[in-house]
Amino acid sequence: MTENSKLAQLIIDGDAAGRLIPTILDFEYKDRKRELSAFLAELHNSGEIALLSDPNLEAIRQLEHSDFWMIFGVLSDAIEHVADDYHAVQRFVECLVEKAGNDGASTTPFVSLVRWCEKHPSQAREIVLGAKDGQEDCQRSCVFALQGLNDFGCLVDFLEDSRAEIRSIGFRALGRLKNMTSQDDKTGIDACLSDIQSPPSEDARNAAIEAVFRIWDKEAGKEKYRQDEVIQSLLAQPTDEDLVRLCAMLFYHKNASTGQTISAVLSKSQGISSSFETASHWIEKALTWKDNRWSFREVVAFIEAMIPQFKQPAKSKQFHSFCEWVWEEPANASYLFARWLNSGDFSLCSFLAEMVSGGDKGAALSLLPQDLPPGAVDQVFLARKCIGFLWLHEITAASILLSLVENGHPDAVPEIEGLLWEPLLLSYSSELRPYLEQQASKASLTVAKAAQDLIVRHKAYIEGLEKAQDLSEFAPSNEARRAAAIKDHQRNTDIQKQARKTSIFGDLFHTATMLYGRKSFNMISGSDGKKFPSITPLSEHSYSFEFPRLSVVDPVGFNGLLTVCRIEQRKK
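Since we're looking at a predicted model, the values are computed, not measured.

### Considering the overall build of the chain
Thought 1: Secondary structure assignment for the chain yields 29 helices and two strands.
Thought 2: Relative to the 2.2 N^0.38 estimate, which gives 25 Å for 572 residues, the radius of gyration of the chain is 34 Å and therefore markedly larger than a compact globule would have.
Thought 3: By its C-alpha atoms, the chain is 100 × 75 × 35 Å across when sized along the principal axes.
Thought 4: A total accessible area of about 31200 Å² is found for the chain, and carbon and sulfur atoms account for 51% of it.
Thought 5: Considering the chain, the positive charge centre built from 62 side chains and the negative charge centre built from 80 side chains are found 6 Å apart.

### A look at the pattern of salt bridges
Thought 1: Scanning the entire structure with this criterion turns up 23 salt bridges.
Thought 2: Between Arg205 and Asp242 there is a salt bridge, with its nearest N and O atoms 2.8 Å apart. In this pair, Arg205 sits in helix H13 (residues 202–218) while Asp242 sits in helix H15 (residues 240–252), placing the two residues 37 residues apart along the sequence. Taken as a pair, Arg205 and Asp242 share a single burial class, namely buried.
Thought 3: Between Asp453 and Lys449 there is a salt bridge, and its shortest N-O distance comes to 3.1 Å. One end of the pair is Asp453 and the other is Lys449, both in helix H26 (residues 445–468) and four residues apart, which spans about a single turn.
Thought 4: Judged by its relative accessible area of 39%, Asp453 falls in the partly exposed class.
Thought 5: Put simply, Glu80, Arg115 and Lys119 are held in one network by salt bridges that share partners.

### Considerations on the side chain of Gln123
Thought 1: Mapped onto the elements of the fold, Gln123 is located in helix H8 (residues 121–132).
Thought 2: A relative accessible area of 15% places Gln123 in the buried class.
Thought 3: Setting aside its immediate chain neighbours within four residues, Gln123 contacts Asp84, Asp85, Tyr86 and Trp116.

### Focus: empty space enclosed by the protein
Thought 1: Counted under the stated rule, the structure contains three cavities of 30 Å³ or more.
Thought 2: Counted as a void, the largest cavity has a volume near 40 Å³.
Thought 3: Every residue lining the largest cavity is listed: Leu250, Lys254, Ser257, Ile262, Ala286, Thr288, Arg293 and Trp294.
Thought 4: Its residues placed into classes, the lining of the largest cavity shows four nonpolar, two polar and two charged.

### What to know about the environment of Ile79
Thought 1: By the secondary structure assignment, Ile79 is in the loop between helix H5 (65–78) and helix H6 (86–100).
Thought 2: Given the relative accessible area of 1%, Ile79 is considered buried.
Thought 3: Spatially, the C-alpha atoms of Ile79 and Ser66 are 21 Å apart, while their sequence positions differ by 13 residues.
Thought 4: Ignoring any residue separated from it by four or fewer positions in sequence, one finds Ile79 in contact with Val89, Phe92, Val93, Leu96, Pro109, Ser112, Leu113 and Trp116.

### Some points on the packing of aromatic side chains
Thought 1: Enumeration over the complete set of coordinates arrives at 18 aromatic pairs.
Thought 2: With 6.2 Å between their ring centres and 20° between their planes, Phe310 and Phe319 make a pair best called stacked.
Thought 3: Taken together, the aromatic side chains of Phe296, Phe322, Trp325 and Tyr335 make up a single cluster linked through ring pairs.

### Some thoughts on the packing of helix H12 (residues 182–197) against H13
Thought 1: One can describe the packing of H12 onto H13 by two numbers: an axis separation of 9 Å at closest approach and a directional angle of 150°. Taken together, the axes of H12 and H13 are roughly antiparallel relative to one another. Handedness of the H12/H13 crossing: left-handed. Contact residues: Asp185, Ile189, Cys192, Asp195 and Ile196 in H12; Ala204, Arg205, Ala208, Ile209, Ala211, Val212, Ile215, Trp216 and Lys218 in H13.
Thought 2: Considering only residue class, the contact of H12 with H13 consists of 10 nonpolar, no polar and four charged.

Scoring rules and cut-offs
- Residues numbered from 1 in each chain as written.
- Predicted model: local features only at pLDDT ≥ 70, side-chain atom pairs only at ≥ 80, totals over all residues.
- Heavy atoms only, no water.
- Helix = DSSP H or I, 4+ residues; strand = E, 2+ residues; numbered from the N terminus.
- Rg over C-alpha atoms; globule rule 2.2 N^0.38 Å.
- Areas by Shrake-Rupley, 256 points an atom, 1.4 Å probe, with all protein chains shown as cover.
- Lys, Arg positive; Asp, Glu negative; His and termini not counted.
- Charge placed at Lys NZ, Arg CZ, Asp CG, Glu CD.
- Salt bridge = Lys/Arg side-chain N within 4 Å of Asp/Glu carboxyl O.
- Buried < 20%, exposed > 50% of the residue type's maximum accessible area, 1.4 Å probe, protein only.
- Contact = heavy atoms within 4.5 Å.
- 1 Å grid on protein atoms, 1.4 Å probe; cavity = no way out; pocket = protein on both sides within 12 Å on 5 of 7 lines; lining within 4 Å.
- Points joined across faces, edges and corners; volume = space filled by probe spheres on them.
- Nonpolar A, V, L, I, M, F, W, Y, C, P; charged D, E, K, R; others polar.
- Phe/Tyr/Trp six-rings, centres within 6.5 Å; stacked < 30°, edge-to-face > 60°.
- Axes fitted to C-alpha atoms, helices over the stretch in contact; angles between N-to-C directions.
- Parallel < 35°, antiparallel > 145°, perpendicular 65-115°, else oblique.
- Left-handed = near helix turned anticlockwise from the far one by under 90°.

Just distances and angles here, no functional claims.
What follows is the structure in structure tokens.
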């Protein structure tokens, strides 16, 4: 008996015993890498097994999650090869899709159903006729039958039907047919626009919206047939659901929209009253900043309207593409930071701080003259917001304030220089002082002079601190030092214990504490039970963080200043 004959007999015996699905699963577990799909279909078509039987469907439903996905591909691929009544095929397909749930591969059986309809056009036509007669099971499969038949003339009958549920089927199949002519596309868009302008059914209207975007996505030219009319109809009195759907269409069909359509959707979506996170998600996914159809300022205006409405504070990782676009061009960063800091909105300013935290720690950022508010009062307000929200990023904050000194109103400069001194330079020196020394040699005389004055002041301040070190009155007593050391030691011990408890590696690896050394030495047991040494050179990893000095010297005043800078608003 050949290998294939043995395999066939095992499958036949398994089906006869009501264990076809476990038998197939055993082949997978035993690493039998065979093309089981066509083999199962062949045995089914010959009548030796009943792959699509109700007991097998129930066995599939009872599978554990991991077991199901072991054989999902085999069962899904077998669909297009079986020869059976469309009712049985459809039940099998729906069983697999229902069991697969929300997984990304859950629609694979539908793809196989389309191929099955291609191979069995007579059965596909029965599905189409059944759908028109109102049979619910046929209506569920009709979209795939129309795709399999690939007959636009048959599809037109659905588009022109007076019943909304039948038109919905036609709209869902529209754009999925192969080799549609330009005239076919125009006929389909005309039918969609008719439903969009006078919607008797929400379901048919939604299907029509998706259909027109799918057709436009396939068009090579920049001119999109009747797109302006469709978008104007949709945006005349849109619901929140309409706006979210349009934002999603920009993502799913990236080549479908003109620049005018993108601008209109972004502008109208700013007035949405719910689903702010969802709309932002789709626009972020759709955003392609190297595509000149997208306007940076229009995207900023959209996000500016969304972020303050989020239930939880927005994170930069939610707007990865947008943040990339901001940092790609200095002019973009200047426009965004000047606009949002000047707005004073807490959510927007917090998002700017989040953006800086996700980028380079020492990133310098200059505000261009055209982006600054004209009034001195507004420029000081912007500078104070910069201190309040960017105080952990001293280089970024200092660079913004220096650009205000260089390009700002003369009446605002003294107060902005005062903020550069206190709290920035009084709190930070390790990286900020060298940065100011670099700015002292800049071509701009205004910036150079301001940096030089700050350096001179800081030098005198440090010299004064060093003189105070010799005053014995400032030195803590031995008892105070001993108490502080004991407290620090206990705190560090507690931190290490807590870190080990929450570490995912704590239970996986042996822990050894080294008091000194340049190498680590461990004995490792091999597969044969013998032990051999493992010597690993040690390398140094360092990380530094400068704690703001004023938070220690004047914690109440320092935190008060930051709080006021964050929450203060302009007088109305």
